[in-house]
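What the coordinates show
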Amino acid sequence: ARQDSAGLYRVTQRVAQAEILPGLRTEILGYDGIFPGPTFETRRGRPVVVRHRNELPVPTVVHLHGGHTPHEHDGWPLDLVLPVGNTREWRTHHGTGTRTEGERDYRYPMAQRAATLWYHDHRMDFTGPAVYRGLAGFHLVRDDEEDQLPLPRDDRELPLMICDRAFEEDGSFAYPALDEEMRSVPGVRNDWMEGVLGDVVLVNGAPWPVHEVDAARYRLRLLNASNARRYRLELSVPGGPNLPMTQIGSDGGLLAAPVTHQSIELAPGERFDVVVDFSRVLVGTEVTMVNGLGSGGTANVLRFHVVRTARDDSRVPDRLSEIEPLTPNPGAPTRTFRFTRGPVGDHRGWTINGTSFAPGSSLADSKLGEVETWRLITDVHHPVHVHLDPFQVLRRDGRAPGKLDGGWKDTVDIRPAEVVDIAVRFTDYAGKFVMHCHNLEHEDMAMMATIRTV
Ligand code: C2O
Ligand code: CU
Ligand code: CU
């Protein structure tokens, strides 16, 4: 991301043309006109200011996902940045928040540990189409603790934004019913009630890419930035066993100790930070990242071509960090949230505890500093995301958390009819925040709750 001499980051949101499919042009909504948007690299303890200028035809809201950010700068879904010179009465079904014309600053304290964050649009009712058309980018937070570890770095650290898209024949994105007015007509949304899926997987905006690697360790920061698709990623080697992935971090940064996986399931919004050792295969090998949950164009994600032997001083230490286990405070509330389909005929579609997003009434008033238990219950798959602070998974269906649940999480995949308990603790900032499903169509159909921190 570009920083001016005063240290201010500047991003211009604009319509641009990208060549995503060979020989075709795709109109995107891009931060700085690119998809993914520019990658931020910031440091713990050094606050940053990002000035977003909106040259798009629609209002936007910027949210730093995983950011420990006060309410005013968190991207409250009704706090709109209006298009430059276009101040028509933009409405939502959910009232209004602040409106800033043309551009505004988002201030991020960055008082948080190193982690893979990402930023994306968060406007109420329209997050799905906005992100689908390109409004998403990486924001990597670094710190001394992580820098001191001998992990793969520089060219051997690859942030991978994975998302699926569908295209029209002329190369444009095929998102159902993009028209703003149509979207508010009851019933129209039924087409994408379950979430919008594409038939092509993109990695950092490119379909089915090949990346040349040394026979050495690489750090892959996996992000599922899809609107609704889940993946089961594996590294397949022709004629041999899969390459294992050693997880070193989750949504909220380093794990206490590495965990080795043969496959990783990733719901929308989740990040997994893994180290892969390509020296375990012969030079010349093509290692394919496949998606065990896909078929056809969504079964393959990308290819690594191992091209040369090379020196490698990196390793994955047995101890990575210290994770303070969150233990619910005696007497702190246990809250139950049910994520379910709304009543038939309600175009808002999805609900939490039977209600759709109501900005003015919170579903929980949580005391800062107190550890609460939240019980999340779903009908179908819902990746549940909480703003402001990461949480820890306590139990799945009364049993110990799964192998993929370790460390600090901010998005947790709840499977059909599952009950997941998480330990939640908000800190520092009193105000209104949201919890929502990160299936972006569910989110747009109001599967979102106001949480007030007090
Ligand atoms: Cu990644 Cu509230 O969102
Ligand atoms: Cu978020
Ligand atoms: Cu959902």
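- As recorded by an unreviewed UniProt entry, the protein chain carries the name Multicopper oxidase CueO and is attributed to Actinophytocola algeriensis.
- Reading the Subunit (unreviewed entry) entry of the UniProt record for the protein chain gives the comment "Monomer."

**Digging into the environment of His 68**
- In this structure, His 68 sits in the loop between strand S5 (62-65) and strand S6 (80-82).
- Owing to 24 C-beta atoms within 10 Å, His 68 belongs among the buried residues under this scheme.
- Separated by 360 residues in sequence, His 68 and Asp 428 place their C-alpha atoms 8.8 Å apart.
- When near neighbours in sequence (up to four residues on either side) are disregarded, His 68 contacts Pro 109, Ala 111, Gln 112, Leu 388, Asp 389 and Asp 428.

**Focus: the sheet that holds strand S3 (residues 37-43)**
- A sheet is described by the order of its strands in space; here four strands give the open sequence S3-S10-S9-S5, paired in mixed fashion. Looking at the sheet topology across the chains shown, the edges are occupied by S3 and S5. Direction aside, the axes of adjacent strands within the sheet are offset by 20° on average.

**Details of the sheet that holds strand S19 (residues 264-266)**
- Strand order in this open sheet of five strands is S14-S22-S21-S16-S19, and the pairing throughout is mixed. Pairing within the sheet leaves two strands with one partner each, and these edge strands are strand S14 (210-215) and S19. With direction set aside, neighbouring strand axes in the sheet form an average angle of 25°.
- Relative to strand S22 (residues 300-309), S14 runs parallel, the two sharing six bridges. From the neighbouring strand, Glu 212 faces S22, where its bridge partner is His 305.

**Description of the confidence of the model for the protein chain**
- Residues of the protein chain with pLDDT of at least 70 account for 95%, and the chain-wide mean is 94.
- With pTM at 0.96, the complex prediction returns an ipTM value of 0.98.

**A closer look at the domain arrangement of the protein chain**
- Assigned domains of the protein chain: these are domain 1 (9-147), domain 2 (154-309) and domain 3 (334-453).
- Each of domain 2 and domain 3 has a C-alpha centre, and these two points are 24 Å apart.
- Counting residues at the interface gives 24 residues for domain 2, matched by 21 residues for domain 3.
- Only strand S17 (245-250), strand S18 (253-261) and S19 provide two or more residues apiece to the side of domain 2 that touches domain 3.
- Sort the elements by how many residues they give to the side of domain 2 that touches domain 3 and S18 lands first, with four residues.
- Of the residues belonging to the side of domain 2 that touches domain 3, the class tally is 10 nonpolar, nine polar and five charged.

**Here's the deal with unusual backbone geometry**
- Of note, the amide linkage connecting Phe 35 to Pro 36 takes the cis form, showing an omega dihedral of -5°.
- By secondary structure assignment, the location of Pro 36 is in the loop between strand S2 (26-31) and S3.
- With phi around 50°, Asn 353 is a residue other than glycine that occupies positive phi space.
- Checked against the element boundaries, Asn 353 lands in the loop between strand S24 (350-352) and strand S25 (362-366).
- Notably, Ala 446 is not glycine yet its phi reads approximately 75°, a positive angle.
- Assignment of secondary structure puts Ala 446 in the loop between helix H3 (440-444) and strand S32 (448-453).
- Take Ala 446: there are 25 C-beta atoms within 10 Å of it, and that puts it in the buried class.

**Points about the pairing of S32**
- Of all six residues in S32, five are buried, a share of seventy percent or more.
- Alignment of S25 against S32, held across four bridges, turns out to be parallel. Bridging from a neighbouring strand, Ala 364 pairs with Ile 451 of S32.
- Judged from the six bridges that link them, strand S31 (residues 431-437) and S32 form a sheet pairing that is antiparallel. By the bridge assignment, His 436 is partnered in S32 with Met 448.

**With respect to the pairing of S31**
- Along S31, five of the seven residues are buried, which leaves the element largely enclosed by surrounding structure.
- Looking at chain direction, strand S27 (residues 382-386) and S31 are connected through three bridges and run antiparallel. What sits directly across from Val 384, in S31, is Cys 437.

**With respect to the nonpolar core**
- Counting 74 residues, the largest nonpolar core has Met 161, Ile 162, Leu 222 and Val 276 as the members making the most contacts within it.
- Looking at which domains feed residues into this core, each of domain 1 (9-147) and domain 2 (154-309) gives three or more.
- Beyond its immediate chain neighbours, meaning those up to four positions away, Ile 162 contacts Val 201, Val 203, Leu 222, Leu 223, Asn 224, Ala 225, Ser 226, Tyr 231 and Val 301.
- Counting residues in hydrophobic clusters, the runner-up holds 28 residues, among them Ile 352, Leu 376, Ile 422 and Met 447.

What counts and how
- Residues numbered from 1 in each chain as written.
- Chains lettered and ligands numbered in written order.
- Predicted model: local features only at pLDDT ≥ 70, side-chain atom pairs only at ≥ 80, totals over all residues.
- UniProt positions renumbered as here; feature names shortened; annotations may be inferred.
- Helix = DSSP H or I, 4+ residues; strand = E, 2+ residues; numbered from the N terminus.
- Buried ≥ 20, exposed ≤ 12 C-beta atoms within 10 Å, placed from the backbone.
- Contact = placed C-beta atoms within 7 Å.
- Pairing = 2+ DSSP bridges.
- Axes fitted to C-alpha atoms, helices over the stretch in contact; angles between N-to-C directions.
- pLDDT = per-residue confidence, 0-100.
- Domains from an automatic or database assignment.
- Nonpolar A, V, L, I, M, F, W, Y, C, P; charged D, E, K, R; others polar.
- Core = buried A, V, L, I, M, F, W, Y, C linked by C-beta atoms within 7 Å.

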